[in-house]
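Next come the chains, spelled out residue by residue.
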Amino acid sequence: MMTQRNVKVVALACALAFVFFSCSKDKGSAAAPVAAQESVFAVNTYVAKAGSLDEYLEFGGDVVASSSVDVMPDTSGKISDIRVKVGDSVQRNQILARVDPSRPGMTYETSPIRAPVAGTITSLSVSVGSMVGPSMSIAKISSTSELEVDINVAERFVSRISVGQIAQLTFDAFPGEVFTARVAEVNPVLDTSSRSMGVKLVLDPPDSRIKIGMYCRVKLITESKTDVVSIPRAAIVTKGGQNSVFVVNGSTVENRPISVGITVDNMVEITSGLMAGNEVVISGQTLLESGSKVNVVSRQEGK
């Protein structure tokens, strides 16, 4: 028959066994491995293509006549008659006005003022009754068949300008339209006061809508490259002086070193390290490294 002491011993043993079993189970659960979650980065990409890239300089220019001649009277006196107005086309030797050289107590026949060349009256600075003299310009005759655009190029850009280069012109009067011109003349002497060089552009082809005196914005092409691979500037990562891009390979990316050439607007020429068809990350690459998994949210095709 079990004594009271024996009962207490058996109960204590059972309690100890239960505690030991519970602790062993907890330790086993804690030791079980937990699967790590791999990060996937959302990115925007750009698919590189081979194409042309034009480096350019921008200037402001004024439309002027290719040739312009001042009209001056042969004698002093008062303008008695004007036979033309601004915008009229005139022929060489055509009478434009007459001058009355009479003085108090002396009457003379009026003297004609003739056009020295054929062209269009672009300026008329006198009216009937105006006093004029042989050294005074009363009008300007210009040739409007071929217009030019005058621009001034800063000294630091002089080495990049040459005759024959192509330019693109835009005018406020014709929004959205682009006109072409070419460099026809480069002044060999710099202006010492402005440290700039005068350059003349010729509209090619001519356009009758363009008028003398118009202002235009000039995009002068200084270097043109064809069949080059270019990508947005935002795709390039620079560390330690080395340029690189993240190239998408399936669901992961590879950090690839590159060499760059000219930059036009936000596009950069890639001279080595990248081929047409490669897809590069242009947004979301801050935390990327080679082998990172990515999810392409937006993809742009190169033009």
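What counts and how
The residue count restarts for each chain, going from 1 along the sequence in the order it is written. With pLDDT at 70 or above as the cut-off, local features in this predicted model cover only qualifying residues; side-chain atom pairs require 80 or more to be listed or tallied, and sums for whole chains, interfaces and linings still use all residues. Hydrogens are left out, water is left out, and the side-chain values use all remaining heavy atoms of the structure. Only DSSP runs of H or I reaching four residues or more are called helices, and only runs of E reaching two or more are called strands; each is numbered from the N terminus. What makes two residues a contact is simply this: any of their non-hydrogen atoms within 4.5 Å. A 1.4 Å probe and the Shrake-Rupley method give the accessible areas. Residues count as covered only by the protein chains that appear here. In this analysis, strands are considered paired if DSSP registers two or more bridges between them. Values of pLDDT, the confidence the predictor places in each residue, fall between 0 and 100. Every definition here rests on a 1 Å grid over the protein atoms only: cavities are sets of points where a 1.4 Å probe fits but cannot get out, pockets are open sets enclosed by protein on both sides within 12 Å along at least five of seven lines, and lining residues have some atom within 4 Å of a point. Grid points are joined across faces, edges and corners, and a volume is the space filled by probe spheres set on the points. Put simply, two rings from Phe, Tyr or Trp (the six-membered ring, in Trp's case) pair if the centres are within 6.5 Å, and we call them stacked under 30 degrees between planes, edge-to-face over 60, tilted for the rest. Lysine and arginine charges are scored as sitting over a ring when NZ or CZ, respectively, is within 6 Å of the ring centre and within 35 degrees of the ring normal. In this description, a nonpolar core means a group of buried Ala, Val, Leu, Ile, Met, Phe, Trp, Tyr and Cys residues linked to one another through side-chain atoms lying within 4.5 Å. Buried residues are those whose accessible area, probed at 1.4 Å on protein chains only, stays under 20% of the maximum for their type, while exposed residues exceed 50% and partly exposed ones sit between those limits. A pairing counts as a salt bridge when a side-chain nitrogen of Lys or Arg comes within 4 Å of a carboxyl oxygen of Asp or Glu.

Peer 1: Can you help me understand the overall build of the protein chain in this one?
Peer 2: For the protein chain, the count of helices and strands is one helix and 20 strands. A separation of at least 24 residues holds for 70% of the contacts in the protein chain among residues at least 6 apart in sequence. As displayed, the protein chain offers around 18200 Å² of accessible surface, 53% of which is attributable to carbon and sulfur atoms.

Peer 1: In this structure, what is going on with the environment of Val-297? I would like to understand it.
Peer 2: Among the structural elements, Val-297 can be located in strand E20 (residues 293-301). On a C-alpha basis, the gap between Val-297 and Ser-283 in space is 10.0 Å, while along the polypeptide they are 14 residues apart. Discounting residues that sit within four places of it in the chain, Val-297 has contacts with Ala-42, Val-43 and Asn-44.

Peer 1: What exactly am I supposed to notice about the environment of Ser-143 here?
Peer 2: Within the secondary structure layout, Ser-143 lies in strand E9 (residues 139-154). Taking the C-alpha atoms as reference, Ser-143 lies 6.3 Å from Ser-66; in sequence the two are 77 residues apart. In this structure Ser-143 touches Ala-65, Ser-66 and Ser-67, once residues within four positions along its chain are discounted.

Peer 1: So what exactly am I meant to see when it comes to the pairing of strand E17 (residues 259-264) here?
Peer 2: Regular strands place side chains that alternate from one sheet face to the opposite one. Judged from the four bridges that link them, E17 and strand E18 (residues 267-272) form a sheet pairing that is antiparallel. Directly across from Thr-263, in E18, lies its bridge partner Val-268. Between E17 and E18, which follow one another and run antiparallel, lie two residues, and Asp-265 among them has a positive phi close to 55 degrees.

Peer 1: Quick question: what am I supposed to make of the confidence of the model for the protein chain here?
Peer 2: Detail in the predicted coordinates should be disregarded across regions flagged by low pLDDT. Scored by pLDDT, the protein chain comes out at a mean of 87, with 87% of its residues at no less than 70. Below a pLDDT of 50 lies the segment residues 23-32, which in the model reaches zero contacts outside its immediate sequence neighbourhood of four places, other chains included.

Peer 1: What is the right way to look at the layout of surface pockets in this model?
Peer 2: Remark: the empty space left among the atoms is shown by a probe the size of a water molecule rolled over them. The volume enclosed by the second largest pocket comes to roughly 200 Å³. Taken together, Thr-144, Ser-145, Glu-146, Leu-147, Leu-203, Pro-206, Asp-207, Ser-208, Ile-210, Lys-211 and Ile-212 make up the full set of residues lining the second largest pocket. Top contributing element to the lining of the second largest pocket by residue count: E9, with four residues.

Peer 1: Help me understand the sheet that holds strand E8 (residues 131-132), please; the structure alone is not making it clear to me.
Peer 2: The pairing of strands in a sheet comes from backbone hydrogen bonds and takes either a parallel or an antiparallel form. Taken in spatial order, the four strands make up an open sheet running E6-E5-E3-E8, and their pairing is antiparallel. On the outer flanks of this sheet lie strand E6 (111-114) and E8, each paired with one strand and no other. Here strand E3 (residues 77-82) pairs with E8 via two bridges, running antiparallel. By the bridge assignment, Gly-77 is partnered in E8 with Val-132.

Peer 1: Mind showing me how you'd approach the packing of aromatic side chains here?
Peer 2: A ring pair, where both rings are aromatic, is described by two values, the distance of the centres and the angle of the planes. Tallied over the full model, the rule gives two aromatic pairs. The structure contains a cluster of three or more aromatic residues connected by ring pairs, namely Phe-171, Phe-174 and Phe-179. The aromatic ring of Phe-174 is capped on one face by Arg-209, whose charged end is 4.9 Å from the ring centroid. Over the aromatic face of Tyr-56 sits the side chain of Lys-219, whose NZ or CZ is 4.5 Å from the ring centroid.

Peer 1: Can you walk me through the side chain of Ser-230 in this structure?
Peer 2: With respect to the helices and strands, Ser-230 occurs in strand E13 (residues 215-232). Here Ser-230 is in contact with Tyr-46, Ala-48, Lys-49, Leu-53, Met-267, Val-268 and Glu-269, once residues within four sequence places are set aside.

Peer 1: What's the story with the nonpolar core in this structure? I'm lost.
Peer 2: One broad rule of soluble globular proteins: the nonpolar side chains tend to lie buried together. Formed by 24 residues in total, the largest nonpolar core has its most connected members in Leu-169, Phe-171, Leu-201, Ile-210 and Val-218. Put simply, the parts of the chain that give this core at least two residues each are strand E2 (49-71), E9, strand E10 (166-170), strand E11 (179-191), strand E12 (196-203) and E13. Leave out the neighbours within four places in its chain, and Ile-210 touches Val-63, Leu-147, Phe-171, Phe-174, Phe-179 and Leu-203. Within the second largest apolar cluster, 21 residues are counted, among which are Ile-221, Val-268, Leu-274 and Val-280.

Peer 1: Even after reading the chapter, I still don't get the pattern of salt bridges, so can you show me in this structure?
Peer 2: If charged atoms from side chains of opposite charge come close, those side chains can pair. Throughout the structure, instances matching the rule amount to 15 salt bridges. A salt bridge links Arg-83 to Asp-81; its shortest N-O distance comes to 2.9 Å. Asp-81 gets classed as partly exposed once you look at its relative accessible area, which sits at 26%. Among the ionic pairs, Glu-223 bridges to Lys-225, the shortest N-O distance being 3.9 Å.

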